[in-house]
Protein chains: 4
Amino acid sequence: MSENIESESPLKRQLRTIIFGTDTPAGRYFDIALMVCIVLSVALVFLDTVEVFHREYGQIIRVLEWVFTIIFTLEYGLRLYCATHPVLYARSFYGIVDLLSVLPSYLALLIPGANFTLVIRILRLFRIFRVLKLLRYLSEGNVLLRAMMQSSRKVFIFFFSVSLIVMVLSAVMYVVEGPDNGFSSIPKSVYWTIVTITTVGYGDITPKTGLGQAIAAFTMLIGYSIIAIPTGILTAEISQEVGRHRDLRSCNQCHKTGHDLDAMYCSRCGCELDSLDVPVENDA
Amino acid sequence: MSENIESESPLKRQLRTIIFGTDTPAGRYFDIALMVCIVLSVALVFLDTVEVFHREYGQIIRVLEWVFTIIFTLEYGLRLYCATHPVLYARSFYGIVDLLSVLPSYLALLIPGANFTLVIRILRLFRIFRVLKLLRYLSEGNVLLRAMMQSSRKVFIFFFSVSLIVMVLSAVMYVVEGPDNGFSSIPKSVYWTIVTITTVGYGDITPKTGLGQAIAAFTMLIGYSIIAIPTGILTAEISQEVGRHRDLRSCNQCHKTGHDLDAMYCSRCGCELDSLDVPVENDA
Amino acid sequence: MSENIESESPLKRQLRTIIFGTDTPAGRYFDIALMVCIVLSVALVFLDTVEVFHREYGQIIRVLEWVFTIIFTLEYGLRLYCATHPVLYARSFYGIVDLLSVLPSYLALLIPGANFTLVIRILRLFRIFRVLKLLRYLSEGNVLLRAMMQSSRKVFIFFFSVSLIVMVLSAVMYVVEGPDNGFSSIPKSVYWTIVTITTVGYGDITPKTGLGQAIAAFTMLIGYSIIAIPTGILTAEISQEVGRHRDLRSCNQCHKTGHDLDAMYCSRCGCELDSLDVPVENDA
Amino acid sequence: MSENIESESPLKRQLRTIIFGTDTPAGRYFDIALMVCIVLSVALVFLDTVEVFHREYGQIIRVLEWVFTIIFTLEYGLRLYCATHPVLYARSFYGIVDLLSVLPSYLALLIPGANFTLVIRILRLFRIFRVLKLLRYLSEGNVLLRAMMQSSRKVFIFFFSVSLIVMVLSAVMYVVEGPDNGFSSIPKSVYWTIVTITTVGYGDITPKTGLGQAIAAFTMLIGYSIIAIPTGILTAEISQEVGRHRDLRSCNQCHKTGHDLDAMYCSRCGCELDSLDVPVENDA
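All chains use their own residue numbering, which begins from 1 and follows the written sequence. Whichever chain is written first becomes A and whichever ligand is written first becomes 1, with later ones labelled in order. Local features in this predicted model are restricted to residues of pLDDT 70 or higher, and side-chain atom pairs are both shown and tallied only at a pLDDT of 80 or more, whereas totals for entire chains, interfaces and linings draw on every residue. Only hydrogens and water are set aside; all other atoms, that is, all heavy atoms of the structure, feed into the side-chain values.

Colleague: What should I look at first to understand the overall build of chain A in this one?
Modeller: Scanning chain A for helices and strands turns up 13 helices and 0 strands. We count a stretch as a helix when DSSP gives it H or I for four or more residues in a row; a strand needs E for two or more, and each element gets its number in order from the N terminus. The order of helices and strands in chain A, counted from the N terminus, is α-α-α-α-α-α-α-α-α-α-α-α-α. Counting all 284 residues of chain A, 46% fall into the buried class. Long-range pairs, those at least 24 residues apart, make up 56% of the contacts in chain A between residues at least 6 apart in sequence. Note on exposure labels: buried denotes an accessible area under 20% of the residue type's maximum, exposed denotes more than 50%, and partly exposed covers the range between, all computed with a 1.4 Å probe on protein chains only. Residues count as neighbours in contact if any of their non-hydrogen atoms are within 4.5 Å of one another.

Below you can see the structure in the form of structure tokens.
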């Protein structure tokens, strides 16, 4: 591999630094420009579905769509060209996302009525996550992600139990209210139960009988109470994650713990603290 | 009892290992097959209530219902046959659930219009909990359950106080808005208050007068604020449960606490940790 | 006062033990009977507002109302008679509540159309709190109450800030949507904003213009985010209250803290713990 | 600057103490009177939009508007006159707010139809924050603010991720339900998704197709689960902020920590505590 890198043209290497890297000013400008293109192209897709804009500016929007499609195609080509391992890149998660952000545009432009390509074109928003790497935000996201991982099993049990309750309540409401009051089938009744238990409450289907309203009230109270459970689980985990980040070091002199991550000296006795031996930023 | 076991046929013993046990591959396959049957049979009940499916596939659904009913009957018979104490099993919680998952199917198949059997047939979903024993998830559930037990008294007080507030608010709204604006009786007004205080808000009954809207706004703010209380109670308990699990051991060398449950060595100084003397998994 | 007590009749003293006390079996039976009467009399008021019940059983309900009114009048008379200081009792909080639970019944029975007495008659539910003293639940309620007191200033600031945001958003929506779309005045707009920010969402008033819907979406996101704030405040306080109850004692041998309130021995080393020197139950 | 202060008239100095200060009784009365004026003037703006009040008391309301406008103009003039640095004051945040609370009144009174001035006139509510300085509430607000600052990056990541999910779900629902069922464009679909994911649920747009209702149910469950995330983040931070305030001191004799901020002696051994060396109140 090292030979491979040595034999490649300097242009290729420089391109790679700009396109894949984020450390040089050029790399940062490229990322920002790309982000602007992504946001604008998605905004175009959104606006094109609004009747007024479609009628008035439909022509311009279509032209701009072609422009963005060409830009993203060029970018994909360049990435393929300057990647150290083009095949590995093309198969990687981001490589597929990059391809998917180009392909549907061609499909949509060639087959004007293909509405379903809308969704795939909007998926290109997820490319922003890569661009955001240049921000330092991700270590914060890691704390969240880790807390969610740690609590995922408890949350799974929670959702499993809730879905059992939902199904039983749906069957009960179907029997009590019946098709005449809008509960035309159990799947529709499940829809109603979820609308109710999550406290959304559209009101497109509502219980009409006294017994149905009593069960509905009971369902709401369940939803209202159990919302506390995932909150409790996640809060406990986030507290531990945040605490773990802070509690790593204790003062050698007074044994105070709970120092901030950027603290150099003990906030109580002023004694110098050990440097953090666990690199916090690298735990992605 | 030991004589009893020794005198029984090897077939019976083997069947018991498969049907009640989860340690052998055969036992695990049996559980998975049973789970699939339960889910499919409930899905059938759901689909049968949808107009289109009932018209098109009603015949097939009825046949499949018979098939599942026979499978569950066979299973119940086998459980009775190979249980060490058939009477104890038949009287146990799961024994009754197993029977209930078979009986209503016969009722429903013999009396086609008996809608109410729907609900009991769906209750068979709860049998999944037994099957899930083969997963390790339950220790996670125990932490949740214990936290809920510990906070149940605080939560009871909370719901008791809230229901008093609900009743008074309902009476006030009945007097203020009256039957002309949809608050036709206090029980109906209670339904509205619960819809409002849980922030569901169907909109099937809404206040029309200025004073009524002011009281409604007040009710919403109450509901919005007090949602914090059960969350706070439960979070505090879950934090303690999680913390208790972690704080059990301290490193003999550096006295670090808060080790993960599966940690063998201190994460700070590498000193070997004592094994957990309180068996966490057995506390079901 | 001691003379006063000595000179009073034994009947009076015994009555007081039964009516005000909760330690003797007779006192407990009295409290339970009273609770049943309160609940039944409130249920009567509720049922009487339902059209069907009023038509069918109106006569019986009115008779029962008289029965309960006489019972509560007798009880109030007995309380006045056997209280050590009748005047102090009559002026006390519970004395006034007891009187209020009797008076409106007479008013309502004499003036049949007086709807407003409904509310006061329902206020008698709060008498249940006194009866509940016989349960041990109140120490749990104290933890909640104390946590709420401790966080009341933070919660006040929160509600003050939110109400400023609500008012500005209401004015903006009134200007943007206007009377034609249901926002007929700023007070009505405030009602809409509270319906939206608390995520109730009746749907009786909804934004129709694009700009209005954008502001509405913004309002919802605010409501959705800030719901976290009172939860966070209260959870932090409840955690501290729960922690304070537990952290009072440390083991003399191994210095473990965080013992349960009813623990007699250290759960880690088995050393006997000091008895609680701060009486937890008496802090009402 | 000191010369400047010495050469100024005693009247000016006294006025400044009253208008800008809050330590003297006169200064406090001035602040309270100002607060009453602000609240009353905003209440006037609110009432004037109600049809009935506008018709009946329109004349009086307009006169009172003039009165308040003159009061606020006088106050602004006095502030400019007695400020130590009039230009600095006029440019400061509060100086601009003070000016903005006067200007739109003139505009609104001269151009009666100018509805948009409503909003600016209501912004004068924010002047109450200055007046509230005389209350001690702000240290409580600081804890909240600091917790929010600390968690702002996590919350930003959260909202960024949510908005990506919202956009993709909106596009999916637009394709699935289409303009015939009320999802007339993607921006409108975004409005629907936010109404649903925040569990507001107006019900002005609801899914009609089976697939649409399934996706809607999924959206609600997402909204219901992720509401736990900002709560968890904020609770963890508030707990730390509250804990940091309490954990500052430990008893010199028994090493108990977690003392209340106003504690003078250790609550366990009675030993005198060190005074707080970190001034908590001054961190505004």
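Colleague: For this particular structure, what's the right way to read unusual backbone geometry?
Modeller: Positioned with a positive phi, threonine 199 of chain A is a non-glycine residue whose angle comes to about 60°. In this structure threonine 199 of chain A comes out as buried when scored by relative accessible area, which is 5%.

Colleague: I tried to follow the state of the cysteines on my own but got confused; where do I start?
Modeller: The term disulfide refers to a covalent linkage connecting the sulfur atoms of a pair of cysteines. Whenever a pair of cysteine sulfur atoms sits within 2.5 Å, that pair is classed as a disulfide. All told, the structure shown has 0 disulfides over all chains when counted by the stated rule. Cysteine 37 of chain B takes part in no disulfide bond, and the closest cysteine sulfur to it belongs to cysteine 82 of chain B, at a distance of 17 Å.

Colleague: In this structure, what is going on with the interface of chain D and chain C? I would like to understand it.
Modeller: Many analyses report the size of an interface as the accessible area lost when the parts associate. Each partner contributes to the interface: chain D provides 48 residues, whereas chain C provides 49 residues. Two parts placed together each lose some accessible area under a 1.4 Å probe, and the buried area is that loss summed for both. Summed over both sides, the interface between chain D and chain C buries roughly 4,300 Å², with carbon and sulfur atoms accounting for 74% of that surface. For this document, the term salt bridge refers to a Lys or Arg side-chain nitrogen within 4 Å of an Asp or Glu carboxyl oxygen. Across the chain D-chain C interface, the total number found is 0 salt bridges. Any pair of N or O atoms that falls within 3.5 Å is considered a polar contact. Within protein, one atom must be able to donate a hydrogen and the other to accept it, and sequence-neighbouring residues count only if both atoms are side-chain atoms. Linking chain D with chain C are 4 residue pairs in polar contact (both at pLDDT 80 or more), by the criterion used here. Listing elements by their share of the side of chain D that touches chain C, those giving two or more residues are helix 3 (25-48), helix 8 (117-123), helix 9 (128-131), helix 10 (138-177), helix 11 (186-197), helix 12 (210-226) and helix 13 (228-246) of chain D.

Colleague: Just checking my understanding: could you explain the pattern of salt bridges for this structure?
Modeller: A side chain with one charge may pair with a side chain of the opposite charge, provided their charged atoms come close. This model, assessed by the stated rule, comprises 12 salt bridges over all chains. The closest approach of N and O atoms between aspartate 98 of chain D and arginine 79 of chain D, which form a salt bridge, is 3.7 Å. Taken together, the positions of aspartate 98 of chain D in helix 6 (residues 93-100) and arginine 79 of chain D in helix 4 (residues 51-82) put the pair 19 residues apart, joining distant regions of the chain. Looking at aspartate 98 of chain D, the relative accessible area reads 1%, which means it is buried. Three or more residues joined by partner-sharing salt bridges are found here, namely Glu75, Arg79 and Asp98 of chain A.

Colleague: Before we go on, may I ask you to explain the relation of the copies chain A and chain D in this structure?
Modeller: What relates the pair of chain copies is a rotation about an axis plus a shift along that axis. With an RMSD of 0.1 Å, the fit of chain A onto chain D corresponds to turning through 90° and sliding 0.0 Å along the axis. Here the copies are linked by what is in effect a four-fold axis. When the copies are superposed, the least-squares fit takes in the C-alpha atoms of residues with a pLDDT of at least 70 in both.

Colleague: For this particular structure, what's the right way to read the relation of the copies chain D and chain C?
Modeller: Each copy of the sequence occupies a distinct position, and chain D is placed on chain C by a rotation of 90° and an axial shift of 0.0 Å, giving an RMSD of 0.1 Å. Little of the interface of chain D is mirrored in chain C, where only 15% of its interface residues are also at the interface.

Colleague: I tried to follow the interface of chain A and chain D on my own but got confused; where do I start?
Modeller: Each partner contributes residues to the interface: chain A has 48 residues there, and chain D has 48 residues. Summed over both partners, the interface of chain A with chain D buries about 4,300 Å², with 73% contributed by carbon and sulfur atoms. Connecting chain A to chain D are 0 salt bridges. At the boundary of chain A and chain D, one finds 4 residue pairs in polar contact (both at pLDDT 80 or more). Only helix 3 (25-48), helix 8 (117-123), helix 9 (127-131), helix 10 (138-177), helix 11 (186-197), helix 12 (210-226) and helix 13 (228-246) of chain A provide two or more residues apiece to the side of chain A that touches chain D. With 9 residues, helix 13 of chain A is the single largest residue contributor to the side of chain A that touches chain D. Three classes are used: nonpolar for Ala, Val, Leu, Ile, Met, Phe, Trp, Tyr, Cys and Pro, charged for Asp, Glu, Lys and Arg, and polar for all others, with Gly counted as polar. Residues that form the side of chain A that touches chain D fall into these classes: 30 nonpolar, 11 polar and 7 charged.

Colleague: Can you walk me through the UniProt feature "transmembrane region" (unreviewed entry) in chain A in this structure?
Modeller: All names here are of chain A. UniProt positions are given in the numbering used here, feature names are shortened, and annotations may be inferred rather than shown by experiment. Feature annotation in UniProt assigns "transmembrane region" (unreviewed entry) to the following positions: residues 32-51, 63-81, 101-123, 155-176 and 214-236. Taken as a whole, residues 32-51 contains 90% helix and 0% strand, while its terminal C-alpha atoms sit 31 Å from one another. Secondary structure within residues 63-81 divides into 100% helix and 0% strand; the distance between the first and last C-alpha atoms comes to 27 Å.

Colleague: What is the right way to look at the packing of helix 12 (residues 210-226) of chain C against helix 11 of chain D in this model?
Modeller: For any two helices packed against each other, one specifies the crossing angle of their axes together with the interaxial distance. Simply put, an axis is a line fit to the C-alpha atoms, just over the touching stretch for a helix, and the angle between two N-to-C directions goes from 0 to 180 degrees. Running from N to C, helix 12 of chain C and helix 11 of chain D point in directions that differ by 25°, and their axes come no closer than 10 Å. Taken together, helix 12 of chain C and helix 11 of chain D sit at an angle that is classed as roughly parallel. As for how helix 12 of chain C packs across helix 11 of chain D, the hand of that crossing is left-handed. Along its contact with helix 12 of chain C, which presents Gln213, Ala216, Ala217, Met220, Leu221 and Tyr224 of chain C, the element helix 11 of chain D presents Lys188, Tyr191, Ile194, Val195 and Ile197 of chain D. For the contact of helix 12 of chain C with helix 11 of chain D, the per-class residue count stands at 9 nonpolar, 1 polar and 1 charged. Each angle gets one of four labels, with under 35 degrees taken as roughly parallel, over 145 as roughly antiparallel, 65 to 115 as roughly perpendicular, and the rest as oblique. Left-handed describes a crossing whose near helix is turned anticlockwise from the far helix through less than a right angle; right-handed describes the clockwise counterpart.

Colleague: Help me out: how do you make sense of the confidence of the model for chain A in this one?
Modeller: Residues shown with low pLDDT carry predicted positions that ought not to be read at fine detail. Residues and elements named next belong to chain A. Confidence scores per residue from the predictor, reported as pLDDT, run from 0 to 100. Averaged over all residues, the pLDDT of chain A equals 77, while 75% of them reach at least 70. Per-element confidence in chain A ranges from a low mean pLDDT of 52 for helix 1 (residues 2-7) to a high of 93 for helix 11. Low pLDDT, under 50, characterises residues 276-284; the stretch is placed with 11 contacts to residues that sit more than four places away or in other chains. Interface confidence for the predicted complex, given as ipTM, is 0.78, next to a pTM of 0.81.

Colleague: Help me understand a nonpolar patch on the surface, please; the structure alone is not making it clear to me.
Modeller: Residue and element names in this part refer to chain A. Patches here: salt-bridge-free residues with over 30% relative accessible area, like charges joined within 9 Å, nonpolar side chains (Val, Leu, Ile, Met, Phe, Trp, Tyr) joined within 5 Å. In short, Shrake-Rupley with a 1.4 Å probe defines the accessible areas, and a residue's cover is counted only from the protein chains shown. A surface patch of nonpolar side chains, about 710 Å² in accessible area, is lined by Leu47, Val52, Phe53, Tyr57, Ile60, Val63, Leu64, Val67 and Ile71. Tallying contributions element by element places helix 4 (residues 51-82) first for the nonpolar patch, with 8 residues. When its relative accessible area of 32% is taken as the criterion, isoleucine 71 is described as partly exposed.

Colleague: Where do I start with the packing of aromatic side chains in this structure?
Modeller: To describe a pair of aromatic rings, you give the distance between the ring centres and the angle between the ring planes. Residues and elements named next belong to chain A. Between the rings of Phe, Tyr and Trp (Trp by its six-membered ring), a pair exists once the centres lie within 6.5 Å; its type follows the angle of the planes, with under 30 degrees stacked, over 60 edge-to-face, and the other angles tilted. Summed over the entire model, instances satisfying the criterion amount to 20 aromatic pairs over all chains. With centroids separated by 5.2 Å and ring planes inclined at 75°, the aromatic side chains of phenylalanine 158 and phenylalanine 159 adopt a geometry described as edge-to-face. Assessed through its relative accessible area of 5%, phenylalanine 158 is described here as buried. Criterion for a charge above a ring: Arg CZ or Lys NZ at most 6 Å from the ring centre, at most 35 degrees from the ring normal. A cation over an aromatic ring shows up here: lysine 12 above the ring of tyrosine 81, its NZ or CZ 5.5 Å from the ring centre.

Colleague: Explanation requested: helix 11 (residues 186-197) of chain C in the structure shown.
Modeller: Think of an α-helix as turning once every 3.6 residues; residues three or four places apart then point the same way. Residues and elements named next belong to chain C. Given the number of residues in a helix, its expected span is that number minus one, multiplied by 1.5 Å. Compared with an ideal rise of 1.5 Å per residue, which puts 12 residues at 16 Å, helix 11 spans 16 Å between its outermost C-alpha atoms and is within 8% of the ideal. Burial analysis of helix 11 places 10 of its 12 residues in the buried class, the great majority of the element. Where helix 11 is concerned, the buried positions are Ile186, Ser189, Val190, Tyr191, Trp192, Thr193, Ile194, Val195, Thr196 and Ile197. Of the residues one or two after helix 11, threonine 199 is the one with positive phi, at around 60°.

Colleague: Explain the packing of helix 3 (residues 25-48) of chain C against helix 4 (residues 51-82) of chain C here, please?
Modeller: Residue and element names in this part refer to chain C. In the contact formed by helix 3 and helix 4, the axes pass within 9 Å of each other and the chain directions differ by 145°. For the element pair helix 3 and helix 4, the recorded crossing hand is left-handed. Between helix 3, through Phe30, Leu34, Cys37, Ile38, Leu40, Ser41, Leu44, Val45, Leu47 and Asp48, and helix 4, the contact on the second element is made entirely by Phe53, His54, Ile61, Leu64, Glu65, Phe68, Ile71, Phe72, Glu75 and Arg79. Of the residues that constitute the contact of helix 3 with helix 4, the class distribution is 14 nonpolar, 2 polar and 4 charged.

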